[in-house]
Structure formats: C-alpha cells, structure tokens
Amino acid sequence: MRLPRAAITNTQFTLTIALLMVLVGIVSYLKMPRSEDPQFDIPITLVEVIYPGASPTDIESLVVDPLEEEFANIEGIKKIESQIKNGGARLEVTFLHQSDANDAYNEVKQAVSAVKPNLPSGVQDVLVIKATPTSVAIIQLALWSEPTDYKTMEFYAKQLEKRLEAIQAVKKADIWGYPNQVVAVDLNLALLKHYGVSVSAINTALAQRARNITPGFVDAQIRRFNVKTSGNYQDIEQLKSTIVFANDNAVIRLQDVAQVSFASRSPTYLAYFDNKPVIFLTVEQRKNTNIFALTEQVEQAIAQFAATMPDTLHVNTIFKQADSVENRVNGFFNSLWQGLLLVGFLSLIFLGRREAIVVIIAIPLSFLIAIGWLDFIGFGLQQMSIVGLIIALGLLVDNAIVVTESIHREKRESTSMTTAAVIGTSRVGWAITSGTLTTMLAFLPMLMLASDTGDFIRSMPVTVVLVLLASLLIALTLTPLLSSKLLSQKSTKFKSLQHYANTFALRVYVKWLNRLMNAKLVVLLTAFIAMFAMLLLFSQVGLSLFPKAEKAMLLVDVETPANSSLDYTNTVMSQMAKFAEQQPYVKKIALNVGNSNPRIYYNEIPKRGVVTYGQMLLVLDAYDEHKISELISTLRQEFGQWQQANITIKEFTQGPVTDQPVTIRLISESLTDLERVAKDLYKKMASLPGAINLNNPIGVANTELVLDIDYDKAGLSGVDIASLEHTIQTALSGSIVGQFNDENGENYPILVRRATRDLASLADITIVNNAGENVPIGQFVETKLHKGRTDFFHYQKLRMAKVSADVDQGYSVQQVTDKITQYLNDYALPPGMYYLLGGEEESRQESFAGLSQIMLITAIGIFAVLVLQFKSFLQPLVIFTSIPFAMAGAILGLYLTQLSFSMMAFIGLISLFGIVVNNAIILIDTANRNIAICGDKKPAILSASATRFTPILLTTLTTIGGLLPLTLFGGSMWKPLGVVIIAGLCVSAIASFIIVPILTELFTRIEAPQQTKD
C-alpha cells in the first residue's frame, strides 16, 4: 500500500489537508442545524372536519364519503383511514413512501377545495394539516388576563403571533384554546312575537346592511377617486340602531328586540394553565435552523412584547423544546466524552504514553472531519446523528489501534521510525480497509430501509459510515505520520499492559489453543451447541418496536360519557388538575378541554373538536424513570377509580406516527356486527395482564334529539319551510349574518342567536307565517329522543371498528398481540367480517419491509469484499461464523438484562456485525502472511493468533469502553443498543480467540498460499 509512504513523504501537504478538513468540521459543528429529533417529512395529510350537531351517519354520507371519493382520484395513496364521530370527522391520507410530502399535501388540499362547496352549510371548518414531524411546536406559551377578558386576550395574542412569525427561523405561530369572539345579537323571542317580526327578517336586514361591496371608482377630469360605501359595521351603536322592521305605525330597531354586545361564541376548545383560562401560543421551527438560536430570539421577542402589554395581561412559558434538546445533546456528549476518556485510558495502559497519544488524536479528528461531511450532505445535529457518533467511537478507534500496534511491533526491526511507520501501516493497510468496508456495508440495511422508520434513523448509519471513512483516512495517513514523529525506537523502562498481554498470549494462550486445535471436533461441537442454546433464548426475550422517548412530560387523556357537554368535561378536568397538582414531581399543568394539547412531539397528532374529550399536559421537574413510574402508578390508581370519565395516562414514545401499540381493525359493513364483536374483543383485552389504556370508540352510542317536522301541518299553517329550518338553526346554534370591524381593524362575526339554548327554549320559538301571524313551532314539530349511532371508522372506504390498548411496563407487545390474534382466530366472526393488525405490528411490518432482500444484498457485498482480499471462498465463510456467535451473545445479553428486542437492539445488532468480522479479518490476514512465509499451516495460525491476541483484546475493550457510559447512564432507550453490542462482542471475542483459528486451519488450503499486497 503506497498511501502511508505518500502521506509521510508529503508531510506539509498531509497536515494542511488534515487541518483544513478539521477547520471545516469545527465551523460545521458551530453552525449546523440542531433539533431534538431528525427533520424528515412523512407523506401523511390529515383532514379535520368540524360539523357541530351532526350524527356519525350524517357525517359519513354527507362529508366522509364525498371526500373519500375525491381522494380516490389522487395517485400514490397507500391508505385512507377515517374516524367518524359525533360532530366531526378526521381523515388520515397516507401516501406511498418516498412520495413528496408537499405535493401530497397540496393534492389533498385541492381535493378538499373541490368538495367543500358541496358540503352541508353546517360544516363549521375543514382543516387540512401536514403530519410532518417538522410541524411541531418548539415552544408553547400561555397568555391570560386578570380578570379574564377573551377579547383583549385574543387581540394581544394575535399581535404576539404576528411578531413571532416575523422571526426568520420561525415557520409559523398559532393561537389555540379560546372561544371565538363575536358580536352577539341575542334575540328576545317574546318581543319578536309581540312586534310580529320574524327571525328571518332580522337576519335578512342585518345581512343586507353588513354586505361590503366595492362599487368601483369615478374619474373627475385629471383625478380618480375610489368609491366606498358604508359596508361593514364599525360601531356597536350603529348596529343597535339598525332598522329591522318598519310600517306605517312603527319603526323597530335592533336594540328594541335584542341585546347587542361583544361576547364569546359557544366554545369547542378551552385552555387552562395554573387554574386560569388562557390562550395558548405555539411556535414552529423552520427546517434546517438552530433551535437554540431560535429559542433565544423568541424569548427576546416575548420580553419586548410583554413590556408593551397592559398590566392586566401576563404571558408564561409552558414548554420549551430547547431545554429537552440541550439535556439530550449534553447527555449524549457526556456519554461521548466519558467513552473517549475510557478509550484513552485503555490505550494508555495497553500501548504506552506515546502510542496512546497517537490513538487518541485520531478520535476527535475523525469526528470533526465526519461532522463537516455530515453538514455538507444536509444532516443536522440531533439524537440519531449523535448516537451514530457514539457507536462510531467504539469502531473508529479499531483502525488507529491496529495501525499503531503494528508500527509498535515493526519499530524493533526497522532502521528508522519512518520505515517502521510505512511498513507497519502497509502490513495491515488492506486488512483494515476491507474491515472498514465490511463494517460500512453492515449499515447498508439501515441506510436502505424504505419506510418512515428508515427516514427517522437514517442519519445514524450515515454518521457511522462517514466517521468510519474519516477514521480509515486518518489511520492510513495521519496516524503513520504522527507515529513517525512521536514514537521512539528506544525501549522504555515502563512496561505497558501490551507487554504482559503479549507475554500471556505466547506463554498461556498459544498452549491452550494448541490443545484445543488438537480436539477440533469436541470444541466445535461444544461451541455450536452453546451458540444454538443462546439463540433459542430469543423466544424468551420478546419483541417491541420503539422505546419511550424519556421526556419529562406526560399526557393524560380524558373521555367523558356519551352526550357529555363541554362544561361537564371541563368540570372533570378541573378536578383532575387539583389532584395532579398535589403530586410532588409535577411542575406545570396545562388543560385542554374539547381538544388535544397543541402538537409538541413529532408522532403525536392532536384530536380536535370533541366535546367529550380533553387532554392534560403534565410538565415534570426532570426525567427520572423511577419517579415517573411511581407518578404514573399513582395517577392510574387514582383515576382508575373515577366513574366520571375514562382516563388514560401515556408517556411519549419514539418512532413514527402510529396507533396504540396493540391495535385491531375489524372490517365489516354491518355496524351492528362491528359493535358486538368490538365489545367482546374489548372484554377479552381487558382480561389480559399487561393491557392498559383500552379504547373502543364504537362501543358508546350518543342519544340524539330529533325534531320531527310535520311538513303537511307546516304547509297548511302558511309557514315557509326554508324559513322554518333557518329559524330553528338561528335559535339553537346561531346564524352569522356579516362582519363587524372595530377601531383596531379586527373583524368579528355578527352572530344572531337565542340567548338561552336548552330543551325548554324550543317551546318558546315562534315563526311568522305568510299572513304575518306568529305560529309556535310546537304545532308542527315534535321533539323525540332516540339512540344515535356510535363513532366508527373507515379503512380504505370500508366500515371499521378499532379496538386498541397500550402495554404496561414489563410486558411484551408481541405476547399480548399473539394472545389477541389467537382469540380472534378461535372467534366465530360474522359473515363478511375480517380483522387486520395495526399499531406496532403493522409498523414493524412496514418498517422492515424488504429488509431480508437488503440484508441478503449486504451479506453478498461483504462476502465479495472478503473474496477480493483473500482470493478464497472458504476463508470469508470462516469470517462469517463470527456473526452467529455475536448474535447469540446479544440475545444472551438481552435475556440476562430482561430487555426486549427493540429497534435500538436491532441497530446494535447491525453495528455488531460490522465490528466482529474485523477481528477475524485481521487474524486470518496475519495467518495467511505467516503461511506464505513458513509454509506450515498450524504454527502459522498459532503465531497469528498470538500476534493478534492483543489488538483483538484491546479493540474489544475500547469498543465496550466507548459504549459503557451510554449503556449505564443513557437511559432505557439506548440500553438495549449497548447491551447487544457489549454482550455480542464478549461472546464473539471468545469465538475469535478459539473458533476462528480452528476453522482457519480446517478451511485454509496450504497448496494455495494467499498473496497479499504490501
């Protein structure tokens, strides 16, 4: 290999290029984007429909079916899932992976726009929302006034919203959680009846007066003037004095028959913080920006704005993602530095002071160079890329150690350190190159995962690959250069552990290995039996997909009984808040009544517009797994006894947007069958240990109030049917007839309504017939109560029930799911009904779709690299035997630590494959060299095993040392990754010391000695 000699010969050039790349890395580290989670787009678009008062069956036929039919014309849709509920619907449109999220969003928005004109007039709002993880609030504020004045709060909240959106790094700001402010025209029906004025006449008069028409312009010789009519109302007194009825005897103004004032519309979403009604403000971060710099700018803007607010207004921060990012980044870098210190310490005691300096210098240089490359290709600094750095810490040091150790051996027989550096590096150059390539190829499956999970973790394997590439470049250039300058050929009095390890290898290890090689069959049989026994433990380990996110926050979902009012849900949540605030670990409490909390985590999609639903956000002092588990246990024990509502507590989890971990979809066109089977399934799931937070929306039906109109009687009474329905709508929910512009330029809807909206008020409603007479609607309208339809779902336009649950800590999602599927397989489903698995099982199948093909391609690629190096088919197979032993060790480690096989464990296993083959590569490469020299197979292999004993031992220990802080102190999320690598390395190291030499002797043909390049 010529590269080491070229690097040493051109010292100045080598140092200049290295310095340049390091400086680029430092600048990138200081400037690159920072966020908590990877910034990627998920091609999912949500459509939220708010239709107050509509039943599920009406929403299905009038809203959901037309939208789904229109969506069917869009290309690239993977699935459409709709939730149909009282008063609204949510449609989730998922596109095929690698679809452009912006194009998908725009196509759905166009489809909604095409359908919107044909939707019922009662539809209050249709929202089209991106589910992309970048549309997450990085800060949540609460704004309130004392006393509560929603009009003033709304005005200043909107002003603050505009100011925050002026910040360049802010994607958008939103305000949430307050009743819309209107100019309310509260009709006095008794006075209307007295004067003989109809509700329709009031609406018509106000609508005509509030109409804002721009007549145009007029020219006056050399000048042009725009013509402006009176248009919208701009003064309350002006509105009050509007003439709504006139004849020869009297003139009736609006103030004669109604109360006019600023008021709140019937709320659908109320927010509370610190037991006070508030308005929430949220801020979203623009892609590829720095969250710390943005948070600082936002806080400055808030402080400046607060100085201009009245003393009665206050603003406070509920949640700030920058704190979580700082804790996570600092935690990871603490693990990184601790690992670096352990690696440095091991290098020092094994190799000596000078050699340790050479090894340690390679680590930060490799990191900085890789960070520069990482920034260049568009990745930022977040938890997955930092984990990639930590994994790479245990890998990149291998190259530096192997090269330094080889130079250390060579310096005794060389005329100068330069010669020793060139020969020592060249001797192992091709081995570490092929070893690095095989390790990089081992990460190919994660790089090629075509799923949301693959997008989520992609920055991790990219980081590892870039660091390994940088470490290889450093090992082949800068490491021999530094060794030639820093190392000395003089022997030192200090004996490092390398000396004692080499002595042990020559005097003890080789003797025992020789005996074991004489009993090959017994050793191999014992080893493979032990390996298979460890692999069989996998059935006891259990499966789970993504771990907890380890955030110092909890979400508490509240479902009050069917037909509950928003006031009742509000009362229940207030009682919950009183109990929660007494808990010692709770720092802040935010209540959301009728809605979920604004989106503050990438895989939490908020529910909107459900009066029987609420969500409480608990912000905790800090993340402590033990204390949080105690708090959750306390809350579940208390709220589990409440009869007022169904209350569930959940922690934030990692992974893509998905349902609860255990989710069963029942498909059938019969709602009756769906309701019955879902009820039975719910009972079964409730009886299973470990199943918590059960949910079955189809099991609860609303009671509906039906106004049965006798149209014949209405016609005979001279009542206009359109006027009748319009009058009922105005009296019950109100009618918007125009806009009001105040002095600040704010627009407020003018809402004509009945002051009281209850069952008793229906009897007071009268309507003016064609003869001008007041006719009570009770003469032709009968009020009835009857059972309505339950909430249900559509899946691919088919009717569906969904029964789901979370899994308690200490239980396996896979085992709970298996018990449920066994129950359904034995259950006699009605004709036409079938079930599908959702939740974690569906995510697992989608996440790892095509993984077997990718891993096969990866294995063939690694095999090809090894065949190219060793010019043999048998020796690469010997190297591959390290992998099953590593897998067996990983499973044993998970079993002993009582951890399940999760996504993090899978990442650790893939990393492990690349690590363990390196040891076998270097050992067999050395054996081949010895065979080429002496021609005697067994002594050559024993000598190679003794020579490579110390490098294998040291690289194993340094890898373990690099991952030990993350494993011990990184929390439950990263513990499986560390356990898999550490346990797998321990077992595979034993295999490298014993099994690989024996197999090398069996499968190496002496007639064809390996030719390797120097």
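Every value quoted in this text rests on a predicted model; they were computed, and no experiment measured them.

## As for the overall build of the protein
Point 1. Counting its regular elements, the protein contains 34 helices and 30 strands.
Point 2. Based on the C-alpha atoms only, the size of the protein along its principal axes is roughly 125 × 80 × 55 Å.
Point 3. For the protein, restricting intrachain contacts to residue pairs at least 6 apart in sequence, the fraction spanning at least 24 positions comes to 81%.
Point 4. Carbon together with sulfur atoms contributes 56% to the accessible area of the protein, which is approximately 42,900 Å² in total.

## A short note on the sheet that holds strand 12 (residues 258-264)
Point 1. Sheet architecture is open: four strands sit in the order 12-7-24-23, paired in mixed fashion. Lying at the two open borders of the sheet, with one neighbouring strand each, are strand 12 and strand 23 (735-741). In this sheet, neighbouring strand axes are inclined to one another by 30° on average, regardless of whether the strands run parallel or antiparallel.
Point 2. Where strand 7 (residues 181-187) and strand 24 (residues 747-754) come together, five bridges link them in parallel fashion. In the sheet register, Val 183 faces strand 24, and the bridge partner there is Ile 750.

## Here's the deal with the domain arrangement of the protein
Point 1. Once the domains are mapped, the protein shows domain 1 (2-36 + 325-545 + 847-1003), domain 2 (198-219 + 230-256 + 702-790) and domain 3 (550-653).
Point 2. Computed from C-alpha coordinates alone, the two centres of domain 1 and domain 2 are separated by 78 Å.

## Here we look at the pairing of strand 18 (residues 613-620)
Point 1. With eight of eight residues buried, strand 18 is to be regarded as a mostly interior element.
Point 2. Both faces of strand 18 are covered, namely the face carrying Tyr 613, Gln 615, Leu 617 and Val 619 and the face carrying Gly 614, Met 616, Leu 618 and Leu 620.
Point 3. Direction of pairing for strand 17 (residues 586-593) relative to strand 18: antiparallel, over a ladder of seven bridges. Bridge pairing in strand 18 places Leu 591 opposite Met 616.

## What about helix 32 (residues 903-934)?
Point 1. Over its 32 residues, helix 32 runs 48 Å from end to end, which matches the ideal 46 Å to within 8%, given 1.5 Å per residue.
Point 2. Within helix 32, 29 of the 32 residues are buried, which leaves it mostly tucked inside the rest of the structure.
Point 3. Looking one or two places after helix 32, you find Gly 935, whose phi comes out positive at around 80°.

## Topic: empty space enclosed by the protein
Point 1. Here the structure, examined in full by the defined rule, presents three cavities of 30 Å³ or more.
Point 2. Estimated volume of the largest cavity: approximately 140 Å³.
Point 3. Lining the largest cavity are 14 residues, and of these Gln 39, Pro 133, Thr 134, Val 136 and Gln 321 lie nearest its centre.
Point 4. Residues that form the lining of the largest cavity fall into these classes: seven nonpolar, five polar and two charged.
Point 5. Considered as a void within the structure, the second largest cavity measures approximately 100 Å³ in volume.
Point 6. In terms of lining, the second largest cavity is formed by 13 residues, of which the most central are Asp 398, Val 402, Asn 918, Asn 919 and Ile 922.
Point 7. Looking at the lining of the second largest cavity, the elements with two or more residues in it are helix 13 (383-410), helix 14 (417-442), helix 32 and helix 33 (937-969).

## Comments concerning the packing of helix 10 (residues 291-306) against helix 11 (residues 321-351)
Point 1. The contact between helix 10 and helix 11 brings their axes to 10 Å, and the two run at 150°. The handedness of the crossing between helix 10 and helix 11 comes out as left-handed. Here Ile 291, Phe 292 and Thr 295 of helix 10 lie close against helix 11, whose contacting residues are Gln 321, Ala 322, Val 325 and Glu 326.

## Section: a negative patch on the surface
Point 1. Among the surface-exposed residues, Glu 75, Asp 100, Asp 103 and Glu 107 lie close enough to one another that they form a single negatively charged patch.
Point 2. Within the secondary structure layout, Glu 75 lies in the loop between helix 3 (56-71) and strand 2 (77-85).

## Description of the packing of aromatic side chains
Point 1. Under the counting rule described, the total for this entry stands at 19 aromatic pairs.
Point 2. Seen in terms of ring centroids, Phe 538 and Phe 901 are 5.6 Å apart; in terms of plane orientation they differ by 70°. Their pairing is edge-to-face. Placement of the pair is Phe 538 in helix 21 (residues 538-541) and Phe 901 in the loop between helix 31 (882-896) and helix 32, with a sequence separation of 363 residues.
Point 3. Assessed through its relative accessible area of 32%, Phe 538 is described here as partly exposed.

## Quick notes on the nonpolar core
Point 1. Of all hydrophobic cores here, the largest spans 230 residues; its most connected members are Leu 164, Phe 280, Met 616, Leu 618, Ile 907 and Leu 977.
Point 2. Ranked by residue count, the leading element in this core is helix 32, at 18 residues.
Point 3. Built from parts of two domains, this core gets at least three residues from each of domain 1 (2-36 + 325-545 + 847-1003) and domain 3 (550-653).
Point 4. Aside from chain neighbours lying at most four places away, what touches Met 616 is Leu 554, Leu 555, Val 556, Met 573, Met 576, Ala 577, Ala 580, Ile 589, Ala 590 and Leu 591.
Point 5. Counting 50 residues, the second largest nonpolar core, distinct from the first, contains Tyr 51, Val 115, Leu 681 and Ile 820.

## Some remarks on the pattern of salt bridges
Where side chains of opposite charge bring their charged atoms close, a pairing between them can arise.
Point 1. Applying the stated criterion across every chain, the model contains 24 salt bridges.
Point 2. For the salt bridge of Glu 60 with Arg 799, the shortest nitrogen-to-oxygen distance reads 2.7 Å. Of this pair, Glu 60 sits in helix 3 while Arg 799 sits in strand 29 (residues 798-807), and the two are 739 residues apart along the sequence.
Point 3. Here Asp 557 makes a salt bridge to Lys 650, at a shortest N to O gap of 3.4 Å.

## What to know about unusual backbone geometry
Point 1. Following Glu 146, the chain continues to Pro 147 via a peptide bond in cis, the omega torsion being 0°.
Point 2. Along the chain, Pro 147 turns up in the loop between strand 5 (137-145) and helix 5 (150-165).
Point 3. Unlike most non-glycine residues, Asn 693 shows phi in positive territory, near 55°.
Point 4. Mapped onto the secondary structure, Asn 693 falls in strand 21 (residues 691-695).

## With respect to the packing of helix 19 (residues 497-518) against helix 33
Point 1. With their axes 8 Å apart at the nearest point, helix 19 and helix 33 run at an angle of 145° to one another. Considering how the two elements wind past one another, helix 19 and helix 33 form a crossing that is right-handed. Residues Gln 498, Ala 501, Asn 502, Phe 504, Ala 505, Leu 506, Tyr 509, Val 510, Leu 513, Asn 514, Met 517 and Asn 518 of helix 19 form the contact with helix 33, whose own contacting residues are Lys 938, Ile 941, Leu 942, Ser 945, Ala 946, Phe 949 and Thr 950.
Point 2. Here the residues of the contact of helix 19 with helix 33 sort into 12 nonpolar, six polar and one charged.

## As for a nonpolar patch on the surface
Point 1. A cluster of nonpolar side chains, contributed by Phe 13, Ile 17, Leu 20 and Val 24, occupies part of the molecular surface with about 370 Å² of accessible area.
Point 2. Residue placement: Val 24 occurs in helix 2 (residues 11-31).
Point 3. Val 24 sits in the partly exposed class, given a relative accessible area of 41%.

## Quick notes on the environment of Ala 271
Point 1. Along the chain, Ala 271 turns up in strand 13 (residues 270-273).
Point 2. Those residues in contact with Ala 271 that lie beyond four places of it in its chain are Gly 177, Lys 276, Pro 277, Val 278, Phe 280 and Leu 591.

## A few points about the side chain of Thr 282
Point 1. Topologically, Thr 282 is positioned in strand 14 (residues 276-285).
Point 2. A distance of 2.9 Å separates the side chain of Thr 282 from the side chain of Trp 176, its partner in a polar contact.
Point 3. If sequence neighbours within four positions are ignored, Thr 282 has contacts with Ala 137, Ile 139, Gln 140, Lys 172, Ala 173, Asp 174, Trp 176 and Pro 598.

Rules used throughout
Just so you know, the residues in each chain are numbered from 1, in the order the chain's sequence is written. Per-residue local features of the predicted model are confined to residues with pLDDT of at least 70, and side-chain atom pairs are confined, for both listing and counting, to 80 or more; whole-chain, interface and lining totals are unaffected and use all residues. Each side-chain value is worked out from all heavy atoms of the structure, with water and hydrogens disregarded. Secondary structure elements follow DSSP: runs of H or I of four or more residues count as helices, runs of E of two or more count as strands, with numbering from the N terminus. Should any heavy atoms of two residues lie within 4.5 Å, those residues are considered in contact. Surface accessibility follows the Shrake-Rupley procedure with a 1.4 Å probe radius. Residue values consider only the protein chains on display as shielding. Two strands are counted as paired when DSSP detects at least two bridges linking them. With axes taken as lines fitted to C-alpha atoms, and helix axes fitted only over the stretch in contact, angles between N-to-C directions fall between 0 and 180 degrees. Note that the domain bounds reflect an automated or database-derived domain assignment. Whether a residue is buried, partly exposed or exposed follows from its accessible area with a 1.4 Å probe, protein chains only, as a fraction of its type maximum: under 20%, in between, or over 50%, in that order. Here, expected helix span is obtained from the residue count minus one, scaled by 1.5 Å. In this analysis, the protein atoms alone were mapped onto a 1 Å grid. Cavities are point sets where a 1.4 Å probe fits without being able to get out; pockets are open sets with protein on both sides within 12 Å along at least five of seven lines; lining residues have an atom within 4 Å of a point. Grid points are joined across faces, edges and corners, and a volume is the space filled by probe spheres set on the points. The classification used treats Ala, Val, Leu, Ile, Met, Phe, Trp, Tyr, Cys and Pro as nonpolar, Asp, Glu, Lys and Arg as charged, and all other residues, Gly among them, as polar. Take the far helix as the reference: if the near one is turned anticlockwise from it by less than a right angle, the crossing is left-handed, and if turned clockwise, right-handed. A residue counts toward a patch only above 30% relative accessible area and without a salt bridge, and it is joined to like-charged neighbours within 9 Å or, for Val, Leu, Ile, Met, Phe, Trp and Tyr, to nonpolar neighbours within 5 Å. Between Lys or Arg on one side and Asp or Glu on the other, a salt bridge is scored when a side-chain nitrogen of the former is within 4 Å of a carboxyl oxygen of the latter. Neither His nor the chain ends is counted toward charge; the positive residues are Lys and Arg and the negative residues Asp and Glu. Just so you know, the charge point we use is NZ for Lys, CZ for Arg, CG for Asp and CD for Glu. Pairing of aromatic side chains here covers Phe, Tyr and the six-membered ring of Trp, requires ring centres within 6.5 Å, and sorts the geometry by plane angle: under 30 degrees stacked, over 60 edge-to-face, intermediate tilted. To qualify as a nonpolar core, a set must consist of buried Ala, Val, Leu, Ile, Met, Phe, Trp, Tyr and Cys residues joined through side-chain atoms within 4.5 Å. We call two N or O atoms a polar contact when they sit within 3.5 Å, provided that within protein one can donate a hydrogen and the other can accept it, with sequence-adjacent residues counted only if both atoms are side-chain atoms.

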